[in-house]
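Analysis of the macromolecular model
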Amino acid sequence: MGAPTAAPVPDDDELAALERLCVEFAVTAGRFIRDERPDRLGVAQTKSTDTDVVTVMDRRSEDLLHGLILEARPDDGILGEEGADVTGTSGLTWVIDPIDGTVNYLYDIPAYAVSVAVVVGDPSREGTWKPVAGAISDPSLRLVHHAREGAGAWTRPEEVGEAAAQRRLAVSSEHRLGRSLLATGFGYASDVRARQAEVLTRVLPLVRDIRRIGSAALDLVRVADGSVDAYAESGINAWDLAAGWVIVQEAGGVVVGRDGGAPGKALTVAAGPALATQVAPLFTTERA
Ligand code: IPD
């Protein structure tokens, strides 16, 4: 389900080129954060609370992505988690999360990612944009997951020249809520977490089980490859969501928000179509 947008989608040749750049940039930044990870990470600053850790590597990864994007696509905009945004003139914006799963990264738990997407519309205004190409690198597994509109969703090893090893992604066919494995996540603010925990007391008895992996981007990849059946979370941002959105869609799933609208802060649900319509209402009382 796409969000309304006035901006034109690039033709398939340009989309294919953008997808290749998404893969290249996500892999480059993913290798960087994995290979350069210091033994003891410094905390550059805190955002909303002490648990929302912004590491030095988060900023260095975003700087690296900025440089790569500006060199290859000087007319495009950039929106990133660390906030050094660029206004473009092309109508395309790169939406980047330099490390998604920051807390996992901090603790050296191998479930973190770099998420790079190209979107049309204004990604700072929910409901006005949609991703057209994206890639999520999973540096711990040395994999990259990618898609562009209309061309399927794929996973391959991060090494260049491994195109033969591409695997096409497909969401799970599970449509029974009671048999569904549901990934979710929590915000950083304790009042938000309290409400999210309250919602889970109602959801948990209804599903097979819950997973909290700690990276929204990897949660979305898991929906796309069918290794979880659904994902639902409130409070996530465009950079957590953008690449995973197009990857799930191209794997045959839907990514929706509250009342079937565009996904975003109020709610993001990803699953096969039949399951998404059952999961979304369970989270509608959850507020970011
Ligand atoms: C967070 C992760 C986490 C999700 C949070 C996000 P960050 O992103 O994706 O899984 O539950 O809502 O903020 O801070 O690690 O980039």
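Values in this document were obtained by computation on a predicted structure and should not be read as measured data.

Criteria and cut-off values
Residues numbered from 1 in each chain as written. Predicted model: local features only at pLDDT ≥ 70, side-chain atom pairs only at ≥ 80, totals over all residues. Heavy atoms only, no water. Helix = DSSP H or I, 4+ residues; strand = E, 2+ residues; numbered from the N terminus. Buried < 20%, exposed > 50% of the residue type's maximum accessible area, 1.4 Å probe, protein only. Contact = heavy atoms within 4.5 Å. Areas by Shrake-Rupley, 256 points an atom, 1.4 Å probe, with all protein chains shown as cover. Polar contact = N/O pair within 3.5 Å; in protein donor to acceptor, adjacent residues only side chain to side chain. Core = buried A, V, L, I, M, F, W, Y, C linked by side-chain atoms within 4.5 Å. pLDDT = per-residue confidence, 0-100. Expected span 1.5 Å × (residues − 1). Bend = angle between axes of the 7 residues up to and from the residue. Axes fitted to C-alpha atoms, helices over the stretch in contact; angles between N-to-C directions. Parallel < 35°, antiparallel > 145°, perpendicular 65-115°, else oblique. Left-handed = near helix turned anticlockwise from the far one by under 90°. Nonpolar A, V, L, I, M, F, W, Y, C, P; charged D, E, K, R; others polar. Phe/Tyr/Trp six-rings, centres within 6.5 Å; stacked < 30°, edge-to-face > 60°. Pairing = 2+ DSSP bridges.

**With respect to the overall build of the chain**
The number of helices and strands found in the chain is 7 helices and 14 strands. Burial analysis of the chain (288 residues in total) assigns 53% to the buried set. Across the chain, contacts joining residues at least 24 apart in sequence account for 62% of those joining residues at least 6 apart. Just so you have it, the chain exposes about 11900 Å², and 51% of that area is on carbon and sulfur atoms.

**Looking at the side chain of Asp 240**
The topology assignment puts Asp 240 in helix 6 (residues 238–250). Here the side chain of Asp 240 touches Asn 237 through a polar contact of 2.9 Å, landing on its backbone nitrogen.

**Quick word on the nonpolar core**
Formed by 36 residues in total, the largest nonpolar core has its most connected members in Ile 136, Tyr 231 and Val 248. If you list the elements that add at least two residues to this core, you get strand 5 (113–120), strand 10 (181–184), helix 5 (216–225) and helix 6. Per element, the largest residue contribution to this core is 9 residues, and it comes from helix 6. Apart from residues lying up to four places away in sequence, Val 248 is in contact with Val 171, Leu 220, Val 223, Ala 224, Gly 253, Val 254, Val 255 and Ala 270. In this structure, Leu 15, Met 57, Ile 99 and Tyr 105 belong to the second largest nonpolar core, which totals 29 residues.

**A closer look at the confidence of the model for the chain**
Taken over all residues, the pLDDT of the chain has a mean of 90, while the share at 70 or more is 89%. The low-confidence segment residues 1–5 (pLDDT under 50) makes 19 contacts with residues lying over four places distant or belonging to another chain. The low-confidence segment residues 43–53, where pLDDT is below 50, has 24 contacts with residues more than four positions distant or belonging to other chains.

**Here's the deal with helix 6**
The end-to-end C-alpha separation of helix 6 is 18 Å, in line with the 18 Å expected for 13 residues at 1.5 Å each. The largest bend along helix 6 measures about 30° and falls at Gly 244. Among the 13 residues of helix 6, 12 are classified as buried, and the element is accordingly described as predominantly covered. For helix 6, the set of buried residues is Ala 238, Trp 239, Asp 240, Leu 241, Ala 242, Ala 243, Gly 244, Trp 245, Val 246, Ile 247, Val 248 and Glu 250.

**Brief notes about the packing of helix 1 (residues 12–35) against helix 2 (residues 56–72)**
It is the contact of helix 1 with helix 2, at a shortest axis distance of 10 Å, that shows an interaxial angle of 150°. In terms of orientation, helix 1 and helix 2 fall into the roughly antiparallel class. The hand of the helix 1/helix 2 crossing is right-handed. Of helix 2, the residues touching helix 1 (which contributes Leu 21, Phe 25, Thr 28, Ala 29, Phe 32 and Ile 33) are Met 57, Arg 60, Ser 61, Leu 64, Leu 65, Leu 68, Ile 69 and Ala 72. Residues that form the contact of helix 1 with helix 2 fall into these classes: 11 nonpolar, 2 polar and 1 charged.

**So, the packing of aromatic side chains**
Under the definition given, this model contains 3 aromatic pairs. For the pair Tyr 105 and Tyr 112, a centre-to-centre distance of 4.8 Å together with 80° between the ring planes defines the contact as edge-to-face. In this pair, the class of Tyr 105 matches that of Tyr 112, namely buried.

**Re the sheet that holds strand 9 (residues 167–168)**
Backbone-to-backbone hydrogen bonds join strands into a sheet, with any given pair of strands oriented parallel or antiparallel. Taken in spatial order, the 7 strands of this open sheet run 3-4-5-6-7-8-9, and their pairing is mixed. Edge strands, defined here as strands with exactly one partner in the open sheet, are strand 3 (77–80) and strand 9. Looking at chain direction, strand 3 and strand 4 (residues 92–100) are connected through 4 bridges and run parallel. Counterpart to Leu 79 in the pairing with strand 4 is Val 95. Its contacts with the sheet put helix 5 on strand 4, strand 5, strand 6 (130–138), strand 7 (143–148) and strand 9, and the angle it makes with strand 6 is roughly 100°. Across the face of the sheet, helix 6 comes into contact with strand 3, strand 4, strand 5, strand 6, strand 7 and strand 8 (153–157) while running at roughly 100° to strand 6.

**Some points on the side chain of Asn 104**
With respect to the element layout, Asn 104 can be found in helix 3 (residues 102–107). Take Asn 104: its relative accessible area is 9%, and that puts it in the buried class. For Asn 104, the residues in contact, after removing those within four places along its chain, are Ile 109, Ala 111, Ile 213 and Gly 214.

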